[in-house]
Amino acid sequence: MAEYHCDLLAVGAHPDDIEIGMGGTIATYVKKGYQCHFLTLTRAELSSNGDVQTRQKEAEAAASILGVQHRLQLNVKDRGLKSITEADKEELVRLIRAYKPRFIFVPLADRHPDHGECATIMKEAIFDAGIKNRLPDSEPHKIDACFSYFINGFAKPDFVIDVGSVYEEKMTALQAYQSQFHPQDGVLTPLTDEYLESVMARDRLFAKEVGLTYAEGFKTDQPLKMANLFER
């Protein structure tokens, strides 16, 4: 496996998870010159609308709009994350070691069980990637931090990132998922019921708390280190 040096690895259970929760953050850091990669665990084959082939094309288009350098797609079964195989777990450890991300982002648990399961799986992989004797044929790697992004839920974030200057890119990337948000002859789902409007409302509410136009919110398991109280 080729080795890359990745600044930010965003992980989702399904195509569109990352774009919903932190598409603006991805676009922001790509524009700053950082290497930002996507990793999606399932192909969302159980989605009520669209099909796997269409969803993959939409995911590629969305990643391209945001400027993502690499989009990695695994083949874990949709709604099968609880029974993820040992081989899949090992692949995740090897991916972390190969791409060497500084930061990894995972979904927060919400109404869709796969989101919380995705976070649990990735946090275990992050831990295992740093153990020398776990898959000793590859070099261990420890990340700087793991943060969690919102998909369906809402809570007070631990920190927010200003995405006002790139919000058009975020919404354009989400609009690439026509099969999910605007399906023709599809069935009604939470994603078809003004879902994008609710995402915008959340991002505006997060922003309003800190005097911005649009912001994406994140949670962290560990305290954030403040280098200088007067530089924020």
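Residues numbered from 1 in each chain as written. Predicted model: local features only at pLDDT ≥ 70, side-chain atom pairs only at ≥ 80, totals over all residues. Heavy atoms only, no water.

- Looking at an unreviewed UniProt entry, one finds the chain named N-acetylglucosaminyl phosphatidylinositol deacetylase, with Shouchella lehensis G1 as its source organism.
- Taken from UniProt, the Cofactor (unreviewed entry) comment for the chain reads in full: "Zn(2+)". (UniProt positions renumbered as here; feature names shortened; annotations may be inferred.)

Some details on the nonpolar core
Consideration 1: Counting 37 residues, the largest nonpolar core has Met22, Ile26, Phe38, Phe181 and Tyr195 as its most contacted members.
Consideration 2: Those elements giving two or more residues to this core turn out to be β1 (8–12), α1 (17–31), β2 (36–42), α2 (52–66), β5 (145–149), β6 (159–162), α5 (167–175) and α7 (195–208).
Consideration 3: If you tally residues by element for this core, the top one is α1, at six residues.
Consideration 4: Sequence-distant contacts of Phe38, defined by excluding residues within four places in its chain, comprise Leu9, Ala10, Ile18, Glu19, Ile26, Ala63, Leu66, Val68, His70, Arg71 and Leu72.
Consideration 5: Grouped together as the second largest cluster of nonpolar side chains are 29 residues, Leu39, Leu92, Cys118 and Ile126 included. (Core = buried A, V, L, I, M, F, W, Y, C linked by side-chain atoms within 4.5 Å. Buried < 20%, exposed > 50% of the residue type's maximum accessible area, 1.4 Å probe, protein only. Helix = DSSP H or I, 4+ residues; strand = E, 2+ residues; numbered from the N terminus. Contact = heavy atoms within 4.5 Å.)

A few points about the side chain of Ser148
Consideration 1: Within the secondary structure layout, Ser148 lies in strand β5.
Consideration 2: We classify Ser148 as buried; its relative accessible area is 5%.
Consideration 3: With sequence-adjacent residues up to four places away left out, Ser148 is seen in contact with Val106, Leu108, Lys123, Gly217, Phe218 and Lys219.

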